[in-house]
Amino acid sequence: IKINGNPIPGGGFVTSFTDITEQKVIEQALRNSESRIRLYTDNLPLMLCYIGRDEKVHFSNKAYNQFIGKSRTEIQNVSVRSLFDHIQFEDREGHIQFALEGNLTEFNCSRKNDRGQKTFYQVNYIPQFTGKGQVDGFFAIYQNITQSVEASELLRKTNEQLEDRVAERTQD
C-alpha cells in the first residue's frame, strides 16, 4: 500500500491509500525476466551488446564487458565511440552507420592483447526495427574466429610448400 499525505490550504490534511500490489508484482516479474536474460546472454560463447540509435551501449553481456575491459555499469549508456581507440572506431564507423540505416553487416577484425597476441573476430551488426519500421538500434555480435584463421593460414602455407615441392620435382 502506498500512502500519500497532502496538506489542505486553510488547515487539515488529506491522506490517500493506494493498493500498489499489482505494480510491485509487475516490477518483480521484470527483474526476474532481466535476470534470466542476463543468465542466458552471459553464458553465450560470443560477445554481445546492443547499441541504440543514439550510438550508446544499452545492453552488454559478460564476454563483451571483458572484451572492452570495463564493467557493465561503466559502459551502460556510453557512446560506442569512446570504447575503442581512434583507429578501431574508424574501422567500425562505416559498419555502424550501415546498420543504423537498417542493413545487416558482417566484417572481420582483429585485436592485440597486452602480450601482443592477435585475436580475430567475425562481427555481425543486426539492426532492430521499431513497429513503424524505423531502426531503433542494432545488436553487435563478436565471435572469436582465431582458430579458423590460424588453420586457414596453416593450410595456405602447407599448400605453398607442396606446390614448391611439386615444381622442384617436375623440373628435374
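Below you will find a few notes about this structure. Since the structure is predicted, the reported quantities are computational estimates derived from the model, not experimental observations.

## Digging into the overall build of the protein chain
- Within the protein chain, the regular secondary structure consists of five helices and seven strands.
- Going from N to C terminus, the protein chain has its helices and strands arranged as β-β-α-β-β-α-α-α-β-β-β-α.
- For the protein chain, whose C-alpha radius of gyration is 26 Å, the value lies well above the compact-globule estimate of 16 Å for 172 residues.
- C-alpha atoms of the protein chain, sized along the principal axes, occupy 115 × 30 × 30 Å.
- Residue pairs in contact within the protein chain that sit at least 24 positions apart in sequence constitute 32% of those at least 6 positions apart.
- Of the roughly 12100 Å² that the protein chain leaves accessible, carbon and sulfur atoms contribute 51%.
- Computed over 21 positive and 23 negative side-chain charges, the separation of the two mean positions in the protein chain equals 6 Å.

## Looking at the packing of aromatic side chains
- Inspection of the entire model under this criterion finds eight aromatic pairs.
- Ring plane angle 55° and centroid distance 5.9 Å describe the contact between Y64 and Y142, whose orientation is recorded as tilted. Here Y64, found in helix α2 (residues 62–68), pairs with Y142, found in strand β7 (residues 135–144); they are 78 residues apart in sequence, far enough to count as distant.
- For Y64, a relative accessible area of 1% puts it in the buried group.
- Classification of Y142 as buried rests on a relative accessible area of 1%.
- Grouping aromatic residues by their ring pairs yields a cluster made of Y64, F67, Y121 and Y142.
- Lying across the ring of F84, R92 places its NZ or CZ 4.1 Å from the centre.
- Sitting over the ring of F67, R111 keeps its end group 4.5 Å from the ring centre.

## Re the sheet that holds strand β6 (residues 118–129)
- Pairing within the open sheet is antiparallel, and its five strands lie in the order β4-β3-β7-β6-β5. Both edges of this open sheet fall to β4 (57–60) and β5 (105–112), since each of them pairs with a single strand only. Across the sheet, the mean angle separating the axes of adjacent strands is 25° when strand polarity is ignored.

## Remarks on the nonpolar core
- Counting residues in hydrophobic clusters, the biggest one holds 24 residues, and the most contacted among them are Y64, F67, L83, F84, Y125, F138 and Y142.
- Looking at this core, the elements with two or more residues in it are β3 (47–52), α2, α4 (86–100), β5, β6 and β7.

## Re the pairing of β4
- Here three bridges tie β3 to β4, and the two strands are oriented antiparallel to one another. Within β4, the position partnered with I51 by the bridge is V57.
- With antiparallel pairing between neighbouring strands as the criterion, β3 and β4 make up a hairpin whose turn holds four residues, including E55 at a positive phi of roughly 60°.

## As for α4
- Compared with an ideal rise of 1.5 Å per residue, which puts 15 residues at 21 Å, α4 spans 20 Å between its outermost C-alpha atoms and is within 8% of the ideal.
- Its buried side turned inward, α4 meets β3, α2, β5, β6 and β7.
- Two to three positions downstream of the cap, the backbone nitrogen of I87 sits 3.1 Å from a side-chain oxygen, assigning the N-cap of α4 to D85.
- Just past α4, the residue G102 takes up positive phi, approximately 100°.

## Let's talk about the pairing of β5
- Where β5 and β6 come together, eight bridges link them in antiparallel fashion. Looking at the pairing, E106 lines up with N124 of β6.
- Turn length for the β5-β6 hairpin, with the two strands adjacent in sequence and antiparallel, is five residues, and the turn residue G116 shows positive phi of about 85°.

## Some points on the side chain of T146
- In this structure, T146 sits in helix α5 (residues 146–171).
- Residue classification places T146 among the buried residues on the basis of a relative accessible area of 11%.
- One polar contact links the side chain of T146 to the main-chain amide nitrogen of F120, over a distance of 2.9 Å.
- Ignoring anything within four residues of it in the chain, the contact list for T146 reads K118, T119 and F120.

About the thresholds
Residues numbered from 1 in each chain as written. Predicted model: local features only at pLDDT ≥ 70, side-chain atom pairs only at ≥ 80, totals over all residues. Heavy atoms only, no water. Helix = DSSP H or I, 4+ residues; strand = E, 2+ residues; numbered from the N terminus. Rg over C-alpha atoms; globule rule 2.2 N^0.38 Å. Contact = heavy atoms within 4.5 Å. Areas by Shrake-Rupley, 256 points an atom, 1.4 Å probe, with all protein chains shown as cover. Lys, Arg positive; Asp, Glu negative; His and termini not counted. Charge placed at Lys NZ, Arg CZ, Asp CG, Glu CD. Phe/Tyr/Trp six-rings, centres within 6.5 Å; stacked < 30°, edge-to-face > 60°. Buried < 20%, exposed > 50% of the residue type's maximum accessible area, 1.4 Å probe, protein only. Lys NZ or Arg CZ within 6 Å of the ring centre and 35° of its normal. Pairing = 2+ DSSP bridges. Axes fitted to C-alpha atoms, helices over the stretch in contact; angles between N-to-C directions. Core = buried A, V, L, I, M, F, W, Y, C linked by side-chain atoms within 4.5 Å. Expected span 1.5 Å × (residues − 1). Polar contact = N/O pair within 3.5 Å; in protein donor to acceptor, adjacent residues only side chain to side chain.

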